[in-house]
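A closer look at the structure
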Amino acid sequence: MIRPKNIRLLYYWVWFIIGAIPLLCFGQHTNTISAHLNDSTKIISIRQELTYVNDADVSLFTLYFNDWNHAYSSKKTPLAKRFGEDFDRRLHLAKDFERGYTQINAINSTDNKTLSWERISTRDIIKVELPKELKPGEKTTLYFNYSIRLPESKFTGYGHQPNGGYYLRDWYVNPAVFDGNWHLYSNKGLEDLYTEVTNTTINFTYPKHLSLASNFNHQQNSEFPQGKNIQLKAQERKNCVIILTTEKKYTTHVTPYLTVTTDLDAVRYDEISQGVSINRINEFVTTHLGPYPHGNLLVSSIDYTKNPIYGLSQLPSFVRPYSDQFQFELAYLKTSLNSFLNETLFMDPRKERWVNDAIANYLVIKYVETYYPDQKLIGKLANKWYLKGFNVAQMDFNEQFNLLQMLSARSNIDQALTTPNDSLIKFNQKIANRYKAGLGLSYLADYIGKSRVDSTIADFYNVHKLTPRTHVIDFKNVLTDCSDEDVNWFFDEYVSTRKKIDFKIKNIAKTEDSITFTLKNKRGTNVPISLFGLYKDSVISKYWFKDIDSTKTFTIPRTGEDRLVLNYDKKIPEFNQRDNWKTLNGFFSSNKKLKFTFFKDTENPFYNQVFFVPIANFNIYDGVTPGIRLYNKTFLERPFVYDISPTYSFGEQTMVGRASLKYRKYHGKSGLYVSNYSIGGSTSHFQENSRASTLTPAMSFAWRPEDLRSNKRKILSFRYRNVFRSIDENVRNDNTIDLDLENNPDYSVFNARFLNYNNNLINYKSSVIDFQHSAQFTKVSYELEYRRLFESNRQLNVRFYAGKFLRNKTNSDFFSFALDRPTDYMFDLNYLGRSESTGLVSQQIIIAEGGFKSIYDDQFGSDWIMTTNASINVWRWIELYGDIGFIGDRGASSRFVYDSGVRLNLVTDYFELYFPLYSNKGWEIAQPNYDQSIRFIITVSPKTLTGLFTRRWF
């Protein structure tokens, strides 16, 4: 008797054979390469014979080829531009000898005629004109003569390494894919080359002192005085990977399931145990996918470094929360799965990569469930007494997949799984989308049955492995036919959109034998949801509900439940789990308990969490101000956040601090995507026994483009700043300090601001229109900032500022425009010493208003101001700067001002030094007390500093 699963599999094999007949008739593309590596010049000389078979149903007159090594050749390639988008200067600042390029000497036809060819713009794509029409089913042979200069590996990991080794991937010319349309993808450092499948033979000559490992089969080896030669051969492969090392690092493991060459190692996990683990994982992978069709699987530490198990690899070496066996097996499992699938499932890696990601991460989740069911997210640290009270200590290892993908969703930067690989922000491309894909299959398996999903994956793999141009629709067809349930929601809602999943239980009514309740679909995403019945934390019932557009009422039998919980096992990547449960024991028992936790934690849906942490601030007036911070912000964003920080001022022997309430509403992916509403207050001292307190209600709205990789943003904000000041008599009588304390101790300012910026490494643009109105004045200002990093590695910085009082009834310069050190009556600037006119802290500069670096005695303008600040680097981070402008007082003629000097731009906007040279005051460097004229920028805010390192990811 033939089982249904075998019938399905037989059906797919028949379908596959019928579909493969045209390919069998036309034959395969063949590639024969002779390559010689010169170790001193880092150049590989290549002669390549490529036979191209036209398996399309139209005639071809031109052919296109990928030449991805040429992506490193200039600062204008798509790879260089992407580096700039990710705030990575390495490729832009690279010297010519550090770059890679391809030098095409000739491309000839079979009759030795030179063919016409060209590069498409600055891209790494070659267009070749054929001497005659290539009809369907015909083939032609092209002869390439070229050399490639390998780049330094510091850019993407490929090329020549500092230790003398080499990592070659996507290094030779190969045909682009044509399926009625040409798929011309440039190298953007995403490891998603889309090329035709070929039968390839490579005769590779390389230096004698190097050891070679490859994903191709080793056919012949020879050694001669000048070096070594090896023949590498493979059938139906995309590309040849060659790794050359100065010492033999790679070990070949021959197991009953497949042969593996790897250099993955664990210092404290012995070789025999590693072999046992590799054998177990090979058995697991072969069981769930099928036999590997090639002779050798290459599993390299370089590939693992590029795509690690995040959370494992980021820990310092002295922190080892996991056993050596677990850490080794997870590293080997994930890397081998990625290599296994990439070498055999030939889908479009730029547009359809999510299928491979889904299968690989689903199998990682399944492996941990099978062999490490009790493994905790933070490993052995979960047993430490000082961490046991944290929710993160109770989380299973596999919960990190949802935690990390939800980090993207809660921040409103998530993208659909169908988003092209090169349109994903880095965090989604590396982590969130890969994890969401794996979670999706795990979610589907929980709904239709794990055995169904397992058999679907195996059927799909065995039918479509080594099949050119496999597509998502093939995976969908297999999954649909293997399931008794409707799975269209998985592709239409979960995969193809960024819609969030969020359900809530409402209106419970119970009788002795039944429970009636309403489920609310808070986001309208049409996916199934699980419901668990619990009694004293034990699951006694489980149900699935579907087709809930808005709200829907259900009735289930009552079998002793005391609680109903949605998604109790957390298999569903739900947006908000804080409202997923209802008690059946009355209203008061449904109230969540309050839980105080030291420091930040992951979200626990069963408690109202309050986090606390000791803090200590400092300014020269309050001195050290220790205190405690109370807040509710978890690792994941949440709409409503409060933050209260009472502290004690030892300098003034009184309480100071700050507090805020904030509500954030995300609207969508693009256009008006977020609104913020807040009210905040603070109190601190700005002089001895002189306190300033603020109370500020505010709202803001932000816009962004459809492309989330774009750094363009527009922000419209409104706030009403209320300032209350109490002043010591000594300060009132100090004539050197002009704070307008007598006339305006308290004041309120309405402030509207529109910010439009594009934060980009190569071209930075920002403009701000600012309007302020109070009882004493009305003023408007405009600021424009531009930075340009030229191909010569010169960076030009230009800033323009103009401001005008529309009315001014003040009697001092406290609200006036300033050249070099604004009074900051809005309390926006992070001054270390707000009221200081002498001493080191008075030399702090924050580029605002006039933006001058020289210190002026007469720096204020009570009517208008117009200034321009500019700087350009002369060598690395050493720059020359110059400021010029006009400033005017009411009823007086304007003043012309200028200054110039040297700027040490160590980290732009974070740590800079300014040395004035010449200004209106003459040669400042020759004047007394020059050290007091040196200005500095320093950022000590942890939040601001964190942004310096995370901007490459988000």
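Computed from a predicted model, the values in this text were never measured in an experiment.

So, the overall build of the protein
Summing up its helical and strand segments, the protein has 14 helices and 47 strands in all. Each of the three principal axes of the protein carries a C-alpha extent, and together these read 100 × 85 × 55 Å. In the protein, which comprises 954 residues, the share counted as buried stands at 55%. For the protein, the accessible area works out to roughly 42,400 Å², and carbon and sulfur atoms hold 54% of it. Computed over 117 positive and 101 negative side-chain charges, the inter-centroid distance for the protein is 1 Å.

Description of the sheet that holds strand β5 (residues 117–119)
Strand order across the open sheet formed by four strands is β5-β6-β3-β10, with antiparallel pairing between neighbours. The two strands at the open ends of the sheet, each matched to only one other strand, are β5 and β10 (174–175). Pairing between β5 and strand β6 (residues 125–134): three bridges, direction antiparallel. Along β6, the bridge assignment pairs W117 with V128.

Points about the packing of aromatic side chains
Counted by the stated rule, this structure contains 66 aromatic pairs. Between K306 and the ring centre of Y158, over which it is positioned, the NZ or CZ distance is 4.5 Å. Against the face of Y764 rests R787, its NZ or CZ located 4.7 Å from the ring centre.

Digging into the pairing of strand β36 (residues 747–758)
Pairing analysis gives twelve bridges linking strand β35 (residues 712–726) to β36, with the strands arranged antiparallel. Residue pairing in the sheet places N722 in a bridge with S748 of β36. Note that β36 and strand β37 (residues 763–773) share nine bridges and pair antiparallel. Bridging across to β37, R753 finds its partner in D770. The antiparallel hairpin formed by β36 and β37 contains four residues in its connecting segment.

So, the pattern of salt bridges
Summed over the entire model, instances satisfying the criterion amount to 54 salt bridges. For the salt bridge of D55 with R469, the shortest nitrogen-to-oxygen distance reads 3.2 Å. With D55 in the loop between β2 (43–53) and β3 (60–66) and R469 in the loop between α10 (450–464) and α11 (472–482), the pair connects residues that are 414 residues apart, well separated along the chain. Comparing D55 with R469 shows no difference in burial state: the two are buried. The residue D446 makes a salt bridge to K542 at a minimum N-O spacing of 3.2 Å. In this pair, D446 is assigned in helix α9 (residues 426–448) and K542 in strand β24 (residues 538–545), connecting sequence segments 96 residues apart. You can call D446 buried: its relative accessible area is 17%. One salt-bridge network, held together by shared partners, links K188, D192, R350 and D422.

What to know about the nonpolar core
Membership of the largest hydrophobic core comes to 88 residues, with the highest contact counts inside it found for L289, W354, I359, F490 and F517. A total of twelve residues in this core trace back to one element, the largest contributor, which is α9. Beyond its immediate sequence surroundings of up to four residues, W354 is in contact with L417, T418, A437, V472, F475, F490, F491 and V495. By size, the runner-up hydrophobic cluster in this structure holds 41 residues, among which are L60, L63, F65 and Y172.

Some thoughts on helix α2 (residues 78–85)
Judged by how many residues are buried, α2 sits mostly within the fold: six of eight residues are covered. Within the sequence span of α2, burial applies to P78, L79, A80, R82, F83 and G84. Of the residues flanking the end of α2, it is F87, one or two places downstream, whose phi is positive at about 55°.

Remarks on empty space enclosed by the protein
For the coordinates displayed, the defined rule picks out eight cavities of 30 Å³ or more. By volume, the largest cavity is sized at about 810 Å³. In terms of lining, the largest cavity is formed by 36 residues, of which the most central are R169, E191, D192, N338 and N342. Looking at the lining of the largest cavity, the elements that each hand over two or more residues are α4 (301–306), α5 (324–342), α6 (354–371) and α9. Looking at the lining of the largest cavity residue by residue, the class counts come to eleven nonpolar, eleven polar and 14 charged.

Here's the deal with the side chain of T497
By the element assignment, T497 lies in the loop between α12 (488–495) and β21 (503–510). A distance of 3.2 Å separates a polar side-chain atom of T497 from the backbone nitrogen of K499. With residues near it in sequence (within four places) discarded, T497 still touches A416, K436 and D492.

Some remarks on the environment of D813
Position of D813 among the secondary structure elements: in the loop between β39 (795–808) and β40 (817–818). Taking C-alpha positions, D813 is 6.6 Å from S862, a pair spaced 49 residues apart along the chain. Only 3.0 Å separates the side chain of D813 from the side chain of S816, close enough to count as a polar contact.

Scoring rules and cut-offs
- Residues numbered from 1 in each chain as written.
- Predicted model: local features only at pLDDT ≥ 70, side-chain atom pairs only at ≥ 80, totals over all residues.
- Heavy atoms only, no water.
- Helix = DSSP H or I, 4+ residues; strand = E, 2+ residues; numbered from the N terminus.
- Buried < 20%, exposed > 50% of the residue type's maximum accessible area, 1.4 Å probe, protein only.
- Areas by Shrake-Rupley, 256 points an atom, 1.4 Å probe, with all protein chains shown as cover.
- Lys, Arg positive; Asp, Glu negative; His and termini not counted.
- Charge placed at Lys NZ, Arg CZ, Asp CG, Glu CD.
- Pairing = 2+ DSSP bridges.
- Phe/Tyr/Trp six-rings, centres within 6.5 Å; stacked < 30°, edge-to-face > 60°.
- Lys NZ or Arg CZ within 6 Å of the ring centre and 35° of its normal.
- Salt bridge = Lys/Arg side-chain N within 4 Å of Asp/Glu carboxyl O.
- Core = buried A, V, L, I, M, F, W, Y, C linked by side-chain atoms within 4.5 Å.
- Contact = heavy atoms within 4.5 Å.
- 1 Å grid on protein atoms, 1.4 Å probe; cavity = no way out; pocket = protein on both sides within 12 Å on 5 of 7 lines; lining within 4 Å.
- Points joined across faces, edges and corners; volume = space filled by probe spheres on them.
- Nonpolar A, V, L, I, M, F, W, Y, C, P; charged D, E, K, R; others polar.
- Polar contact = N/O pair within 3.5 Å; in protein donor to acceptor, adjacent residues only side chain to side chain.

Functional significance is not addressed by these values, which are geometric in nature.
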